Amino acid sequence: MKKSATAKLILIATLLFSVITPSLTASAAENESNQDLGFLDYIYYIVKDRNEGNRGGIIAYAAGDSQDSLTEASTLFRKGPNGATISWTSSNPNVISEDGKITPSLTANSEVVTIHPLALSSINPGGYFSLWQFNVTVNNKLTRVKADKENLQLGFANGDSSASVANDLMLPTNGAYQTKISWTSSNPGIISANGKITQPGAGKGDAKVLLTATVQDALDSATPAAVKTFEVNVTAGSSALADMNELRIGFQGSDNSSMVTQDLILPTKGKYGSAISWTSNKPNEVSPQGKVTLIPVSSSKAAPPVDVLLYSEALNKDVVVQVSPDYTAALTATVNDGKSTYTKTFNVVLANTALYVDARDLAIGYQGSDNASSVTQNVTLPAKGNSGTLISWRSSRPDVISNNGIVTRPKEGDAKVTLEADLSDGDWHDIKTFTVTVIDNSLAAAEQLVAIGYQSGDSASSVTQNLILSANGPYGTSVRWQSDNEALIAADGKVTRPVSGDANVTLTAVISKNGRSVSKTFTVTVIDNSLNLDKEALQIGYAGMDNASRVTQNLSLPASGKYGSSISWTSSKPEAISSTGVVTQLYSGNISVKLTATIRKGDRTAMKEFVVTAVDRSVELDLESLSIGYKGSDSASGVTQNITLPASGAHGTTIQWTSDKPGFISNSGIVTRPPTPLTPDETVTLTAKISKGSSSATKSFTLTVLKDNAVILDKAALDVIFAEGNQTAVVTQDVTLKTSGAHGTKISWTSNSPEIISSTGKVTRPADMNRTVTLTATISKNGYSETKSLMVTVLFEVTGQAEDGGFSIGFNAWKGSGWKGSGYMNFDNAEGYIKWTFTVLQDGLYDLGITYANGGNTDRPMYVAIDNVAVNTALSFKPTGSWNTSWKTVVQPVQLTKGQHILRLQTKGFSGPNLDQFSIMQHKVW
């Protein structure tokens, strides 16, 4: 229950108590001094519990807590609503103390603690009334997080606080109750997540930063985390320190710290607002305001030079230099920003007056219109200054300007020369440098060398090709060309020859350098170009698709040119191409022929050669006729068998073949089909190279190698092979089951009734009824297989061996071959009978078959009866050619009823044939 509701709850409870126990209330009113406050409050809480079912009225829980989940210390009331003093006991004071403080466990996630309030008796000192006890569950997981959150503090360096931070913070990462603490910063540039401090720069002001800690239970990541924030103020850096670090002395003119001749500039305020004051160890020479007073020259020799530390502007650091102590001054700056103070000292050297004046006034003497940027004559280099200093000179280019000023102009390019003057006054020196430019003397030299460049064979008196007119002359000069006849020779040297006689042209070269120039003229003769034009235009005419590298037909050889020249021709191989262009066809190799044209006009001639090749067409013709040989019904779009690849052509060419997929068609035409119906057909490109001599050509053929459908084809063609007279519905003898297909497949068989037809085709006829048998063939090749099932009907057959029948005469024999059973019955040339007993399962018309051998020359008919009823009185048993090796079967239709029957065969006037067996089978219409 929230604390704000406590008073209201007590009032409500009191009212309820007064309603429920009026006699008790009245008694208390009558004898107020004797009422027991502990008893009243004991009764109050009992009534409250009965009416509200809530014992929390005596405990104020923190926000979000309850009796079943306690995470923070609760308020345990010490006074009852009627004024009794209440004390508390705890079953585990290490977890909840008697004053309500919670100490969470570091191992268990929750613990139940019994806390017990006692209302003291006001009548019976030392006595008490025991109020209801409370079983409170402490949520250790949340309590650990909240406890470490409440205890969490920042760690500050000495002198720092949250209101003023200048040093790194200590940010705890582990809590006292096994929690992990992570940090984030609202401004990581000022305070990083690990507490690293970066103060704002001087003049930028302090920075407020919000640090957020996230406290997470290290034993259970699912426990809600707690967040706690801290605001700290990071102070800005010292302005005085920043201003001191950036402080510099200002120099005028070319002065620096090692050479001061003019007043110094001493700042009085820093960039970040600090106040700057100055002191000087030699205020007579340099005042604290920077006023410089140079001392007399004689004083400069008062003491020898010493080493001092001076600041170098060029190097941006202090360096050691040698100066006179009389001329060294130390300037100390004091920098103050109101909070802190820093000092910085600068050492400067005051100039020797004589050296300074003479160095300042020193100058080079030039002649005529010369100056530092244009020297053409000797220069004057003073040897003594106006104040008496001695001056010596050094030249960086003594070959151009000597140390005493003698000038030797270069021939190629102007020359920059540094002249260094060393001024000395006793032990003191000063250096002053001058940079001058000596103009080169190349223009006149270039004029002598500038010339026109001619192509091979040309000259000034005979120009036929473009001239070489360089725009760059020797010694760094530039050349600009002019022509008095631009139509014949342009300014860039391009020549356009006339076609109506030779012509003279004047060319002028303007040679320039550094604003100066000279001219030079040339006269050249441009030769008439008509002969050359006819030569350039001359071409051979080719027929059809011919060209220079492939001549098969007569050529057209021009006899005259456009500009009036006459043309005659000669051939190096007239047997192949005549001088008139007639081509003789070749079949014995290509022939290279040189055709030479002689172009004449007036007394001038020109030659032009053409090299052409009269080609052997053997390759071309054999290429056109080349084809591939296919077997059977194969074609390029369907290849299943090896192909024939010609190795030579009709015109003596050799043919070489290459396959882009030799695994399917080799270079010799061997075909390997894609192995199974599941693999795709394969497209193969065969390239034939037809060659003869040095000539060759190629021709490509695209073929499709069909996948191997052997399994499918052999499956479609597969059938059972029956004995003569048998068929699918009538099987009485062994069948033939193929074990291989016409296309190279392997075939294996299974039978669903192997006792009737075995997997090898062996037929065992049933004795009771016809049987339909399913024969399943597995056709396979290259790891791929398919099955095919064939159904055949095996006719039943009731059989009896002659040796097992009853007979009146004769004997059992076993000589010879081809009989069935253990032998056969021989009547031994006497008369008698043989009989058998057999059973059929149903009424019907049957075929009685009797297998016999008759080695005699005449028929031996017999009387046939079933159940003593004649079936055939003279069944014929004609000669078979042998008594014991040549067996035949005669068939007699018989009508039978279901059940057992007696078959009897009786001789008729002479002995019967040798008998092997009888059979009863389903009647067949033949």
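Predicted, not measured: the structure shown is a model, and the values here were computed from it. (Residues numbered from 1 in each chain as written. Predicted model: local features only at pLDDT ≥ 70, side-chain atom pairs only at ≥ 80, totals over all residues. Heavy atoms only, no water.)

(A) Layout of the overall build of the protein. On a plain count of helices and strands, the protein comes out with 10 helices and 40 strands. For the protein, the residues scored as buried account for 42% of the 926 residues in total. Pairs at least 24 apart in sequence give 63% of the contacts found in the protein among residues at least 6 apart. Approximately 46800 Å² of the protein is accessible, and the part contributed by carbon and sulfur atoms is 50%. (Helix = DSSP H or I, 4+ residues; strand = E, 2+ residues; numbered from the N terminus. Buried < 20%, exposed > 50% of the residue type's maximum accessible area, 1.4 Å probe, protein only. Contact = heavy atoms within 4.5 Å. Areas by Shrake-Rupley, 256 points an atom, 1.4 Å probe, with all protein chains shown as cover.)

(B) Focus on the nonpolar core. Grouped together as the largest cluster of nonpolar side chains are 26 residues, with contacts concentrated most on Leu 903, Leu 905 and Ile 920. Of all the elements in the fold, those that place two or more residues in this core are β34 (833-840), β35 (844-853), β36 (862-866), β38 (888-896), β39 (899-907) and β40 (914-922). If near-sequence neighbours (up to four positions away) are discounted, Ile 920 is found in contact with Phe 796, Glu 797, Val 798, Phe 838, Val 840, Tyr 846, Asp 847, Leu 848 and Leu 896. (Core = buried A, V, L, I, M, F, W, Y, C linked by side-chain atoms within 4.5 Å.)

(C) Inspection of the pattern of salt bridges at higher detail. Within this structure, the stated rule accounts for 19 salt bridges. Residues Glu 620 and Arg 617 are paired through a salt bridge, measuring 2.8 Å at the closest nitrogen-oxygen approach. Overall, Arg 617 belongs to the partly exposed group, its relative accessible area being 22%. By sharing partners, the salt bridges in this structure join Asp 546, Arg 550, Arg 617 and Glu 620 into a single network. (Salt bridge = Lys/Arg side-chain N within 4 Å of Asp/Glu carboxyl O.)

(D) Fine view of the sheet that holds strand β14 (residues 341-349). One open sheet accounts for three strands, arranged β10-β13-β14; its pairing is antiparallel. The sheet is open, and its two borders are formed by β10 (275-280) and β14, each paired with just one other strand. For this sheet, the mean inter-axis angle between neighbouring strands, taken without regard to orientation, is 20 degrees. In this sheet, β14 lies alongside strand β13 (residues 328-336) in antiparallel orientation, the contact comprising nine bridges. Within the sheet, the bridge partner assigned to Asn 336 lies in β14 and is Thr 341. The sheet contacts of helix α5 (residues 239-246) involve β13 and β14, and relative to β14 the element is tilted by about 10 degrees. (Pairing = 2+ DSSP bridges. Axes fitted to C-alpha atoms, helices over the stretch in contact; angles between N-to-C directions.)

(E) Molecular detail of the pairing of strand β19 (residues 503-513). Among the 11 residues that make up β19, eight are buried, leaving the element largely enclosed by the rest of the structure. Here six bridges tie strand β18 (residues 478-483) to β19, and the two strands are oriented antiparallel to one another. Directly across from Trp 481, in β19, lies its bridge partner Ala 509.

(F) Local environment of α5. Regarding α5, the residues found buried are Ser 239, Ala 240, Ala 242, Asp 243 and Met 244. Buried positions along α5 lie against β13 and β14.

(G) Up close: the sheet that holds strand β27 (residues 746-751). A sheet is described by the order of its strands in space; here three strands give the open sequence β27-β28-β29, paired in antiparallel fashion. On the outer flanks of this sheet lie β27 and β29 (784-794), each paired with one strand and no other. Averaged over all pairs of adjacent strands, the angle between strand axes in this sheet comes to 25 degrees, irrespective of strand direction. Alignment of β27 against strand β28 (residues 771-781), held across six bridges, turns out to be antiparallel. Across the sheet, Ser 751 pairs through a bridge with Leu 775, a residue of β28. Each of β28 and β29 touches helix α10 (residues 710-717); the most contacted strand, β29, lies at about 5 degrees to it.

(H) Expanded view of unusual backbone geometry. Positive phi values are uncommon outside glycine, yet Asn 829 reaches one of about 60 degrees. Inspection of the secondary structure puts Asn 829 in the loop between β33 (824-826) and β34. Given a relative accessible area of 65%, Asn 829 falls into the exposed group. The phi torsion at Asp 867 lies on the positive side, around 55 degrees, for a residue other than glycine. Structurally, Asp 867 is set in the loop between β36 and β37 (869-875). Its relative accessible area of 35% is what places Asp 867 among the partly exposed residues.

Bear in mind that shape data such as this cannot, by itself, settle questions of function.
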